[in-house]
Amino acid sequence: MKKLISFLEKLDEKKIYYKLNKVRDAIMVEIAVPGDRWEVEFFADGNVEVEKFVSQGEIFDEEELDKLFSDFG
């Protein structure tokens, strides 16, 4: 818990946007920064996992939304 609180305080200090969620047996901190999205999971046993989703910089038009629904709906 100490790692999580310290991490959240640092995000607040640096004014980095985040939201909290519960997944599996962990608290997930979802972080949105320009071009990236990070998922940092803090487990009760002290383990921390980090997954990064990095944009390739490609911008799509509104038709891409149809693909979202057809592929994942």
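Everything that follows concerns the structure shown earlier in this document.
The following paragraphs examine the structure supplied in this document. (Residues numbered from 1 in each chain as written. Predicted model: local features only at pLDDT ≥ 70, side-chain atom pairs only at ≥ 80, totals over all residues. Heavy atoms only, no water.)

Focus: the environment of Asp66
Summarising the element assignment, Asp66 is placed in helix α2 (residues 64-72). When its relative accessible area of 55% is taken as the criterion, Asp66 is described as exposed. For the pair Asp66 and Lys22, spaced 44 residues apart in the sequence, the C-alpha separation amounts to 29 Å. (Helix = DSSP H or I, 4+ residues; strand = E, 2+ residues; numbered from the N terminus. Buried < 20%, exposed > 50% of the residue type's maximum accessible area, 1.4 Å probe, protein only.)

Details of the pairing of strand β3 (residues 36-43)
Pairing geometry for strand β2 (residues 26-33) and β3, over 8 bridges, is antiparallel. Across the sheet, Ala26 pairs through a bridge with Phe43, a residue of β3. Count of turn residues in the β2/β3 antiparallel hairpin: 2 residues, of which Gly35 carries a positive phi of about 85°. Strand direction decides the pairing type here: β3 and strand β4 (residues 48-54), joined by 7 bridges, are antiparallel. Looking at β4, one finds that Glu39 is bridged to Glu51. Counted along the chain from β3 to the antiparallel partner β4, the turn is 4 residues long, and its residue Gly46 has a positive phi close to 95°. (Pairing = 2+ DSSP bridges.)

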